[in-house]
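Structural features, examined
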Amino acid sequence: MAKLNFGGVEENVVTREEFPLKKAQEVLKDEVVAVIGYGVQGPGQALNQKDNGINVIVGQRKNSKSWDKAVADGFVPGETLFEIEEALEKGTIICYLLSDAAQIEYWPKVKQHLTPGKALYFSHGFGITFNERTGIVPPADVDVFLVAPKGSGTSLRRMFLQNRGLNSSFAVYQDATGKARERVTALGIAIGSGYLFETDFKKEVYSDLAGERGTLMGAVQGIFAAQYDVLRKNGHSPSEAFNETVEELTQSLMPLVAENGMDWMYANCSTTAQRGALDWWKRFRDATSPLFEELYDNVAKGNEAQRSIDSNSKPDYREKLEAELTELRESEMWKAGKTVRSLRPENN
Ligand SMILES: NC(=O)c1ccc[n+]([C@@H]2O[C@H](COP(=O)([O-])OP(=O)(O)OC[C@H]3O[C@@H](n4cnc5c(N)ncnc54)[C@H](OP(=O)(O)O)[C@@H]3O)[C@@H](O)[C@H]2O)c1
């Protein structure tokens, strides 16, 4: 495994040069990889493995759009596409890709099919880390590991088709066969990961829950809303407020930050913008730090996991979700955003 230096700290990383696809195919040649669930991650991981020559089958409940999608994607009922229990029976590696809430509900059935030597694979550390709440406790004689792509299943597939690779983290929780590490690395490569970064289940889920509630999704919407409201209260038009809050960021600045880093972006803007950004960023950091501390603490105490379990398992979950999404969609800021998006040259 390569040791790479990240800002002065050395970390273990698996590269495709060191663990090429041929090696992954060799490690997995006698395995039946059963991808259970054909939602968002399921299609990306199953199709990439199929195209990579891995013996992969899909387990999905029938009479569902996801079943139809699997058929449309080329999985054949009775040959490579089965009801969940049948796939659980046939698989030697069970990729447990139901939604995190459904994983809890389905666990008693999965457990029945985990015979000695099989492997249980996750793409999130949630079920195992919070097992006092989820009840997911695997038997001792199976391997348990994860590969968590750092992005959507849709991106995993798209990047694979473009000959690129999405980075993933990986972790071994239980090595019953002595081959867990080899198996998980082979799977990480086979699903189309670029680089594989080593972690453990707890760190994977804590960072993921903190990140999505924080800068990736929760905090960013909060900061957008706060700035937009202040601009509007001070007489700026919706289009001006939206452009200065969201559009310039997503269309111009973030792609540059993604390519070159923040210092480069600061160096390549007007001197006026530069002065202001350099003066203000630490104040924003200091103002939001206590909130991030509170967020991490809530994640570590299991409160965030419990809240997800409670809300996602309610029968009216989708209706309530739709009401919350409507609130965002119908807000002036995002309605203004819809108009601004429609005016982009590429949309005309
Ligand atoms: N979304 C991502 O891109 C992403 C990224 C990284 C990691 N992950 C992890 O990958 C795993 C899968 O996530 P996902 O987002 O792909 O899940 P998802 O899209 O919500 O997947 C739903 C799958 O679970 C099935 N399902 C839901 N409720 C069920 C039930 N009660 N009984 C049987 N099947 C049920 C769905 O079947 P129907 O369609 O028939 O309902 C579908 O196949 C999770 O551990 C997640 O944390 C996801």
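Residues numbered from 1 in each chain as written. Predicted model: local features only at pLDDT ≥ 70, side-chain atom pairs only at ≥ 80, totals over all residues. Heavy atoms only, no water.

Under an unreviewed UniProt entry, the name given to the chain is Ketol-acid reductoisomerase, and the organism recorded is Chryseobacterium bernardetii. The record held by UniProt for the chain lists under Cofactor (unreviewed entry) the comment "Mg(2+)". (UniProt positions renumbered as here; feature names shortened; annotations may be inferred.)

Viewed as axis vectors pointing N to C, helix H11 (residues 218-233) and helix H17 (residues 332-342) meet at an angle of 90°, and their least axial separation amounts to 10 Å. It follows from the interaxial angle that H11 and H17 lie roughly perpendicular. Counting all contacts with H11, which are made through Gln221, Phe224, Ala225, Tyr228 and Arg232, the residues of H17 involved are Glu332, Met333, Trp334 and Ala336. A breakdown of the residues in the contact of H11 with H17 according to their chemical character gives six nonpolar, one polar and two charged. (Axes fitted to C-alpha atoms, helices over the stretch in contact; angles between N-to-C directions. Helix = DSSP H or I, 4+ residues; strand = E, 2+ residues; numbered from the N terminus. Parallel < 35°, antiparallel > 145°, perpendicular 65-115°, else oblique. Contact = heavy atoms within 4.5 Å. Nonpolar A, V, L, I, M, F, W, Y, C, P; charged D, E, K, R; others polar.)

Turning our attention to a negative patch on the surface. Together, Glu83, Glu85, Glu86 and Glu89 line one region of the surface with negative charge. Structurally, glutamate 86 is set in helix H4 (residues 84-90). Glutamate 86 gets classed as partly exposed once you look at its relative accessible area, which sits at 40%. (Patch = residues over 30% accessible without salt bridge, like charges linked within 9 Å, V, L, I, M, F, W, Y side chains within 5 Å. Areas by Shrake-Rupley, 256 points an atom, 1.4 Å probe, with all protein chains shown as cover. Salt bridge = Lys/Arg side-chain N within 4 Å of Asp/Glu carboxyl O. Lys, Arg positive; Asp, Glu negative; His and termini not counted. Charge placed at Lys NZ, Arg CZ, Asp CG, Glu CD. Buried < 20%, exposed > 50% of the residue type's maximum accessible area, 1.4 Å probe, protein only.)

As a further point, take the side chain of asparagine 48. Among the secondary structure elements, asparagine 48 is positioned in helix H2 (residues 41-51). Looking at asparagine 48, its side chain comes within polar contact range of the side chain of arginine 157, at 2.8 Å. Ignoring sequence-local partners within four residues, the contact set of asparagine 48 consists of Leu156, Arg157, Phe160, Ala190, Ile191 and Gly192. (Polar contact = N/O pair within 3.5 Å; in protein donor to acceptor, adjacent residues only side chain to side chain.)

A separate point is helix H3 (residues 65-72). You can read the cap of H3 off the contacts: a side-chain oxygen lies 3.0 Å from the backbone nitrogen of serine 66, and it is on serine 64. Remark: glycine 74 follows H3 within two positions and exhibits a positive phi of approximately 105°.

It is worth spelling out the site of the ligand at this point. Around the ligand there are 24 residues in total, and Gln41, Gln60, Ser64, Ser66 and Asp100 lie nearest to it. Glutamine 41 has a polar backbone atom sitting 2.7 Å from an oxygen atom of the ligand. Arginine 61 places a polar side-chain atom, nitrogen or oxygen, 2.8 Å from an oxygen atom of the ligand. Protein coverage of the free-state accessible area of the ligand, which is 890 Å², stands at 77%. The element that contributes the greatest number of residues to the shell around the ligand is helix H5 (residues 100-112), accounting for five residues. Partitioning the shell around the ligand into residue classes produces eight nonpolar, 13 polar and three charged. (Near = heavy atom within 4 Å.)

To continue, consider the layout of surface pockets. Taken as a whole, the second largest pocket encloses approximately 1500 Å³ of empty space. Forming the walls of the second largest pocket are 31 residues, and the residues nearest its centre are Ile223, Gln227, Leu249, Tyr266 and Phe284. Element by element, the count of residues in the lining of the second largest pocket is highest for helix H14 (residues 271-300), at twelve residues. Taken together, the residues of the lining of the second largest pocket break down into 19 nonpolar, eight polar and four charged. (1 Å grid on protein atoms, 1.4 Å probe; cavity = no way out; pocket = protein on both sides within 12 Å on 5 of 7 lines; lining within 4 Å. Points joined across faces, edges and corners; volume = space filled by probe spheres on them.)

By domain assignment, the chain separates into domain 1 (2-198) and domain 2 (211-347). At the interface, six residues of domain 1 touch eight residues of domain 2. The contact between domain 1 and domain 2 buries some 570 Å² in all, and 71% of this surface belongs to carbon and sulfur atoms. Counting across the domain 1 and domain 2 interface gives zero salt bridges. Counting across the domain 1 and domain 2 interface gives two residue pairs in polar contact (both at pLDDT 80 or more). Listed by contribution, the elements that provide at least two residues to the side of domain 1 that touches domain 2 are H5 and helix H7 (131-134). When grouped by side-chain class, the residues that make up the side of domain 1 that touches domain 2 number four nonpolar, one polar and one charged. (Domains from an automatic or database assignment. Buried area = accessible area lost by both parts, 1.4 Å probe.)

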